[in-house]
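Residues per chain are reported as follows:
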Amino acid sequence: MLLPTIRQLQYLKLLAENGAFGRAAEAAHVTQPTLSAGIQELERTLGAPVVDRARTGVILTPVGEEALRRATVILNEAEELVEAAKNAGQPLTGRFRLGVIPTIAPFLLPGALPLLRQRFPKLRLFLREDLTQRLIAQLKAGRLDAALIALPFDTAGLEWAHVSDDELLAAVPADHPLAREATASPEALERENLILLEDGHCLREHALSACKLGPPRAGAGEEPFAATSLPTLVQMVGSGLGVTFLPQMAVSAGLADAAHVAVKPLAADHAAREIVVAWRAGSNRRAEGRLLAEVLKDA
């Protein structure tokens with residue numbers, strides 16, 4: 001049986017990503033006739049067209065969509081085979097693509113990166129900061145080798161290694177009555193103007209779930225306040241706009257030091273998120289993911 005080649009599958013993937021033969025050929029570092037001939041050979045091998053050629057670009061046919069889905073898996077496995085062979089007996093050497101969520105990256109990485117460079121000088125670490133849902137999608141698509149995320153989250157199809165538990169704390173204006181209390185109860189915070197990160201940030205859901213609270217509600221005709229980042233959130237609280245939750249990791253890194261904010265422990269059971277290194281189930285990078293988690297624990 002005649003089978004597609006890795007090169008033909010790479011051409012199909014680049015064509016789907018770029019939407020035109022010229023751009024795909026440029027990304028593949030070949031001429032357009034070479035790439036077009038590769039796609040035609042793939043179509044002959046499969047016995048069906050994989051793209052519809054239109055004046056505005058190319059569109060994958062149903063056969064092309066299925067071929068791309070399977071090609072992505074095959075190419076990921078081929079890349080991991082090459083990396084595993086290169087790094088046999090030398091963990092965390094060469095390229096390693098790590099995703100990190102925004103509520104971890106600025107607080108953990110400054111201490112972790114020098115440690116990684118010291119212990120693994122041959123490691124070429126490529127970082128991508130994004131929201132958890134998008135990082136997991138990139139993990140499953142093979143565009144990342146691992147991701148530093150926080151649980152709980154839907155991790156179907158993933159494996160992970162524990163890094164640390166990160167306590168969730170209450171942050172209130174420094175002159176607020178709650179600032180004089182030893183702890184802050186979820187009920188007391190709910191009675192205040194609760195400000196959280198925008199939808200999509202898992203820290204928002206972690207805090208609400210830990211405190212058994214519903215999402216904040218605004219008045220009639222108004223939208224509830226929401227911040228795009230933890231520094232913005234702290235400034236909003238320091239300006240007296242409301243109260244919020246902060247991870248211990250960020251507080252320890254000095255996030256609230258210069259703001260007019262008081263930070264208090266939460267009077268709630270298990271008010272914490274779990275920081276983990278996650279990778280695709282069955283990935284050849286499993287051992288490196290576990291090793292990376294151990295280094296991050298030290299950081």
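Note that the structure is predicted; figures quoted are calculated from it, not measured. (Residues numbered from 1 in each chain as written. Predicted model: local features only at pLDDT ≥ 70, side-chain atom pairs only at ≥ 80, totals over all residues. Heavy atoms only, no water.)

Participant: Sorry if this is basic, but what is going on with unusual backbone geometry here?
Facilitator: Glycine aside, residues mostly have negative phi angles, and peptide bonds mostly take the trans form. The omega torsion across leucine 151 and proline 152 is 10 degrees, close enough to zero to call that bond cis. Take proline 152: it is sitting in the loop between strand S5 (146-151) and strand S6 (158-173). In the Ramachandran plot, histidine 29 falls in the positive-phi region, its phi being about 60 degrees despite a non-glycine side chain. In this fold, histidine 29 is placed in the loop between helix H2 (21-28) and helix H3 (32-46). (Helix = DSSP H or I, 4+ residues; strand = E, 2+ residues; numbered from the N terminus.)

Participant: What's the story with the nonpolar core in this structure? I'm lost.
Facilitator: It is characteristic of soluble globular proteins that their nonpolar side chains tend to be buried jointly. Among the nonpolar cores identified, the biggest contains 77 residues, and Leu148, Ile149, Leu189, Leu230, Phe245 and Val277 are the most heavily contacted of them. With eight residues, the single largest contributor to this core is S6. Setting aside residues up to four positions removed in sequence, leucine 189 forms contacts with Ala170, Val172, Leu178, Ala184, Leu194, Val243, Phe245 and Leu266. Among the nonpolar cores identified, the runner-up in size contains 20 residues, and Tyr11, Leu15, Ala28 and Val58 belong to it. (Core = buried A, V, L, I, M, F, W, Y, C linked by side-chain atoms within 4.5 Å. Buried < 20%, exposed > 50% of the residue type's maximum accessible area, 1.4 Å probe, protein only. Contact = heavy atoms within 4.5 Å.)

Participant: Would you mind going over the packing of H2 against H3 with me for this structure?
Facilitator: Packed helices, taken two at a time, are described by the angle between their axes plus the distance between the axes. Taken N-terminus to C-terminus, the directions of H2 and H3 make an angle of 100 degrees; their axes are 8 Å apart at the nearest point. It follows from the interaxial angle that H2 and H3 lie roughly perpendicular. Contacts between H2 and H3 pair Phe21, Gly22, Ala24, Ala25 and Ala28 from the former with Gln32, Leu35, Ser36 and Ile39 from the latter. Its residues placed into classes, the contact of H2 with H3 shows six nonpolar, three polar and no charged. (Axes fitted to C-alpha atoms, helices over the stretch in contact; angles between N-to-C directions. Parallel < 35°, antiparallel > 145°, perpendicular 65-115°, else oblique. Nonpolar A, V, L, I, M, F, W, Y, C, P; charged D, E, K, R; others polar.)

Participant: So what exactly am I meant to see when it comes to the pattern of salt bridges here?
Facilitator: Between side chains of opposite charge, a pair can form as their charged atoms come close. Applying the stated criterion across every chain, the model contains 16 salt bridges. Arginine 70 is the partner of glutamate 66 in a salt bridge, and the nearest nitrogen-oxygen pair spans 2.6 Å. You can see glutamate 66 and its partner arginine 70 sitting in helix H4 (residues 62-86), four residues apart, about one turn around the helix. For glutamate 66, a relative accessible area of 31% corresponds to the partly exposed category. A salt bridge links lysine 297 to glutamate 294, with the shortest nitrogen-to-oxygen separation between them at 3.2 Å. Placement of both lysine 297 and glutamate 294 in helix H11 (residues 286-298) is noted, with a separation of three residues, approximately one turn of the helix. Linked through salt bridges whose partners overlap, the residues forming this network are Arg97, Asp145, Arg285 and Glu288. (Salt bridge = Lys/Arg side-chain N within 4 Å of Asp/Glu carboxyl O.)

Participant: What should I look at first to understand the environment of phenylalanine 96 in this one?
Facilitator: The topology assignment puts phenylalanine 96 in strand S3 (residues 94-100). According to the relative accessible area criterion, phenylalanine 96 is buried, its value standing at 1%. For the pair phenylalanine 96 and leucine 144, spaced 48 residues apart in the sequence, the C-alpha separation amounts to 8.0 Å. What phenylalanine 96 contacts, discounting residues up to four positions off in sequence, is Leu123, Arg124, Leu125, Phe126, Asp145, Ala146, Arg285, Glu288 and Leu292.

Participant: What should I look at first to understand the packing of helix H5 (residues 105-119) against H11 in this one?
Facilitator: Between H5 and H11, the shortest axis-to-axis distance is 9 Å and the interhelical angle comes to 120 degrees. In terms of axis orientation, H5 runs oblique to H11. In terms of crossing hand, the pair formed by H5 and H11 is right-handed. Contacts between H5 and H11 pair Leu108, Ala112, Leu115, Leu116 and Arg119 from the former with Leu292, Val295, Leu296 and Asp298 from the latter. Here the residues of the contact of H5 with H11 are counted per class, giving seven nonpolar, no polar and two charged. (Left-handed = near helix turned anticlockwise from the far one by under 90°.)

Participant: Any chance you could explain the pairing of S3 here in plain terms?
Facilitator: Across the seven residues of S3, six count as buried, placing the element largely inside the fold. As judged from the seven bridges shared by S3 and strand S4 (residues 123-129), these two strands associate in the parallel manner. Looking across to S4, one finds that glycine 94 is bridged to leucine 123. Handedness of the crossover joining S3 and S4 through H5 is recorded here as right-handed. As judged from the three bridges shared by S3 and S5, these two strands associate in the parallel manner. Looking at S5, one finds that valine 100 is bridged to leucine 148. (Pairing = 2+ DSSP bridges. Right-handed = clockwise from strand over helix to strand, strands pointing away.)

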